[in-house]
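Here are the chains, one letter per residue:
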Amino acid sequence: AQVVLAVAAELPQWFPVLPLERIRGEVLVLRHAAFTECSAAMSSGGYLLPLGGDRALAGPTFYSADSPRRSGEWSIAEIRKNLQACVPIVAEAEIETIWSGVRTLLKHDREPVVGAVPGAAGLFVFSAFATKGLLQIPWLAQALSAVLQGQNNSIPNYFSSSRLAPDFWLRP
């Protein structure tokens, strides 16, 4: 049997020795007629993902999950500030929704952890995407799927779970 732990913000509960940090952040669903012309996601100081029609997902903010949740006004201003240089229309886009959530990152390199869990046959991990999940999850899911099907392992070493010492995976 094979099991994939895609547990996002709850990864520290499964592997408490891993050097993980839980971070909170917000994203916005924006509306603007100009978004109807957007056909691809972009990432530069933040990201903008077309949702179809005049809607787009914009974000993210991030800060420690242990600190109090920031105000909606702060989150909106931060997302707009980070994207405005590349996508000026975010300044005038209507805000449809603001979402807040918690995600996990690996402290020392802020890269996801994908692949077999050392010392646990049939157990795989797909997590710690932090703010990069939007762009990385689709192709890393394909790479992990190939591994699960016994095909060539194309998970880059800098994302691979094997880059972490086996001691990190053991419970204290």
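As shown above, the structure is provided for reference.
These figures come from a predicted structure and were not determined experimentally. (Residues numbered from 1 in each chain as written. Predicted model: local features only at pLDDT ≥ 70, side-chain atom pairs only at ≥ 80, totals over all residues. Heavy atoms only, no water.)

S.K.: What exactly am I supposed to notice about the pairing of strand β8 (residues 113–116) here?
M.R.: Looking along a regular strand, one sees the side chains alternate between the two faces of the sheet. Here 4 bridges tie β8 to strand β9 (residues 123–127), and the two strands are oriented antiparallel to one another. Following the sheet pairing, Ala-116 is matched in β9 by Phe-124. The turn linking β8 back onto β9 is made up of 6 residues, and Gly-119 within it adopts a positive phi angle of 80°. (Pairing = 2+ DSSP bridges. Helix = DSSP H or I, 4+ residues; strand = E, 2+ residues; numbered from the N terminus.)

S.K.: It is not clear to me how the pairing of strand β4 (residues 47–52) should be interpreted in this structure. Could you clarify?
M.R.: Alignment of strand β3 (residues 42–43) against β4, held across 2 bridges, turns out to be antiparallel. Across the sheet, residue Met-42 finds its bridge partner in β4, namely Leu-48. The turn joining β3 and β4, which pair antiparallel and follow one another in sequence, is formed by 3 residues; a positive phi near 80° is taken by Gly-45. The sheet contact formed by β4 and strand β5 (residues 55–59) spans 5 bridges and is antiparallel. Among the inter-strand pairings, Leu-49 is bridged to a residue of β5, identified as Leu-57. Hairpin connection from β4 to β5: 2 residues lie between these consecutive antiparallel strands, with Gly-53 at a positive phi of about 60°.

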